[in-house]
Amino acid sequence: MKNIVDKFAIKGTVTEVKPLGNGLINTTYKATTAEADCPDYVLQSVNHAVFPDLDVLMGNIVAVTGHIRKKLEARGTADINRKVLEFVPLKDDAEKYYYFDGEKYWRIMVFIPDTKSLSEVTPESAAVVGETFGDFQAMLADIPAQLGETIKDFHNIEFRLQQLKDAVAANPKGRVAEVQDLLGEIDKRADVMAKSERLYREGKLPKRICHCDTKVDNILFDQDGSVLCVIDLDTVMPSFIFSDFGDYLRSAANPVAEDSPEYDKVDFRMDIFKAFTKGYLKAATFLTPIEIENLPYAALLFPYMQLVRFLADYINGDTYFGIKYPEHNLVRARNQFALVQAVERRTPEMEAFIQEVLG
């Protein structure tokens, strides 16, 4: 581990490298330095199966963190080194921010000390998440760099619907007959739910730089509870702002887990929606009228998209999402369909609240 760390242009002498956190995608370690005036570091091996193009991945991250740093400097922000992540280049190539050891891909960032993370979903935390990610998008609204997709078609609903059609056509496990009701409900909504991609092709809806994994866990807080910075930047890429808005609400506004079989308890919490939306609109001052108008659509799009993905995986024989029992992905799909129905019921109330906030 120390030999890998030594490939990067760090300051100080590394005395130990120990596992850090419990991330599901990348493997993370903390590298501690001996000198009091030198920072500690976070060493990660990047999951190459999930993120196959390291040049795009690290190019995106370096461009985004550099742009945010300039924005914070222009604002006169204090303690900037704790307000944005800083990645370290290689010793022998200042333009390269990852190292391949022949088997794994590695990167290093500066460790930010005295921080904490939150995970509980409350109206108070939802407001913080909304404002934080709204500000994150706002700072990146004028980034000059051209970023790439780290996961191709990640939030492209037309692509996800095609995956489902392919799964139905192949029917490798003979499961299509038992899910005809869900397939019918998906098909009934397919044209409406593909609205974002059509608006984009018509030049009416822009793609912006989004985080694409909005949750309170991906915000780093100071010990006093104030926001420091957004973390876990691997999925930062061009997308519709619906990605950050809708994906958060899909998980946060559902009072039960996405794999709960108690479908009658699935709902769409308006207290979470209102707190998150108010915080988001406060910071995301760059939004166009068509983006604002379609925020309720975004809240519907993401449980619908997850329904499509869970059902496709169930039909394919559970090849993508991990399962704990044979019907796990089917339960997830039915849960998300119940959420789709709950969001549809709440749509008029969402539209009225947005107008109230703006008015």
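Before any of the text, the structure's been laid out above.
Please read these numbers as outputs of a predicted model, since none were measured by experiment.

Visitor: Go over the overall build of the protein, please, and point to the residues and values.
Guide: A tally of helices and strands in the protein yields eleven helices and ten strands. The C-alpha radius of gyration computed for the protein amounts to 21 Å, which stays within 12% of the reference 21 Å derived for 359 residues, consistent with globular compactness. Structurally, the protein occupies a C-alpha span of about 65 × 50 × 40 Å along its principal axes. Residues classed as buried in the protein amount to 52% of the 359 residues present. Long-range pairs, those at least 24 residues apart, make up 73% of the contacts in the protein with a sequence separation of at least 6. Carbon and sulfur atoms provide 49% of the accessible area of the protein, an area that totals close to 16,800 Å². Taking the 42 positively charged and 55 negatively charged side chains of the protein as two groups, their mean positions are separated by 1 Å.

Visitor: Describe the nonpolar core, and please don't skip the residues or the numbers.
Guide: In terms of nonpolar packing, the biggest core is built from 108 residues, with Val 64, Leu 249, Phe 268, Phe 273, Tyr 304 and Leu 311 touching the most fellow members. When residues of this core are assigned to their parent elements, the largest contribution, 16 residues, is made by helix α10 (residues 295-316). In this structure, Phe 268 is in contact with Leu 249, Ala 253, Phe 273, Ala 299, Leu 339, Ala 342, Val 343, Arg 346 and Met 350, ignoring residues within four places of it in sequence.

Visitor: Account for empty space enclosed by the protein, with residues named and values stated.
Guide: Taken as a whole and judged by the stated rule, the model has one cavity of 30 Å³ or more. Within this model, the largest cavity holds a volume of roughly 110 Å³. Around the largest cavity, the lining residues are Glu 149, Asp 153, Phe 154, His 155, Asn 156, Glu 197, Lys 207, Cys 212, Met 237, Pro 238, Ser 239 and Phe 240. For the lining of the largest cavity, the element with the most residues is strand β10 (residues 237-239), which contributes three residues.

Visitor: Hey, could you go over the pairing of strand β5 (residues 105-110) for me, with residue numbers and the actual values?
Guide: Of all six residues in β5, six are buried; the element is thus mostly enclosed. Going residue by residue along β5, you find Tyr 105, Arg 107 and Met 109 tucked away on one face and Trp 106, Ile 108 and Val 110 tucked away on the opposite face as well. Judged from the six bridges that link them, strand β3 (residues 41-46) and β5 form a sheet pairing that is antiparallel. Bridged to Tyr 41 within β5 is Val 110. Counted between consecutive antiparallel strands, the loop separating strand β4 (residues 99-100) from β5 contains four residues, among which Gly 102 sits at a positive phi close to 100°.

Visitor: Give me the pairing of strand β9 (residues 227-230): which residues, what numbers.
Guide: Sheet topology places strand β8 (residues 219-222) next to β9; three bridges connect them, and they run antiparallel. Looking at β9, one finds that Phe 221 is bridged to Val 227. If you look at the hairpin formed by β8 and β9, you'll find four residues sitting between the two strands, and Gly 225 has a positive phi there, around 95°.

Visitor: Lay out the sheet that holds strand β2 (residues 27-33) with the relevant residues and their values.
Guide: Consider a sheet: its strands pair through backbone hydrogen bonds, and that pairing is either parallel or antiparallel. On the basis of which strands lie adjacent, the open sheet formed by five strands has the order β1-β2-β3-β5-β4 and antiparallel pairing. Here the strands that pair on one side only, and so sit at the sheet edges, are β1 (14-19) and β4. Here helix α2 (residues 54-75) sits on the sheet and contacts β3 and β5; the angle it forms with β5, its principal contact strand, is near 10°.

Visitor: If you had to explain the side chain of Thr 132 to someone new, which residues and values would you point to?
Guide: By the element assignment, Thr 132 lies in helix α3 (residues 123-140). Residue Thr 132 is classed as buried on the basis of its relative accessible area of 13%. Polar side-chain contacts of Thr 132 include one of 2.7 Å to the backbone oxygen of Val 128.

Rules behind the numbers
- Residues numbered from 1 in each chain as written.
- Predicted model: local features only at pLDDT ≥ 70, side-chain atom pairs only at ≥ 80, totals over all residues.
- Heavy atoms only, no water.
- Helix = DSSP H or I, 4+ residues; strand = E, 2+ residues; numbered from the N terminus.
- Rg over C-alpha atoms; globule rule 2.2 N^0.38 Å.
- Buried < 20%, exposed > 50% of the residue type's maximum accessible area, 1.4 Å probe, protein only.
- Contact = heavy atoms within 4.5 Å.
- Areas by Shrake-Rupley, 256 points an atom, 1.4 Å probe, with all protein chains shown as cover.
- Lys, Arg positive; Asp, Glu negative; His and termini not counted.
- Charge placed at Lys NZ, Arg CZ, Asp CG, Glu CD.
- Core = buried A, V, L, I, M, F, W, Y, C linked by side-chain atoms within 4.5 Å.
- 1 Å grid on protein atoms, 1.4 Å probe; cavity = no way out; pocket = protein on both sides within 12 Å on 5 of 7 lines; lining within 4 Å.
- Points joined across faces, edges and corners; volume = space filled by probe spheres on them.
- Pairing = 2+ DSSP bridges.
- Axes fitted to C-alpha atoms, helices over the stretch in contact; angles between N-to-C directions.
- Polar contact = N/O pair within 3.5 Å; in protein donor to acceptor, adjacent residues only side chain to side chain.

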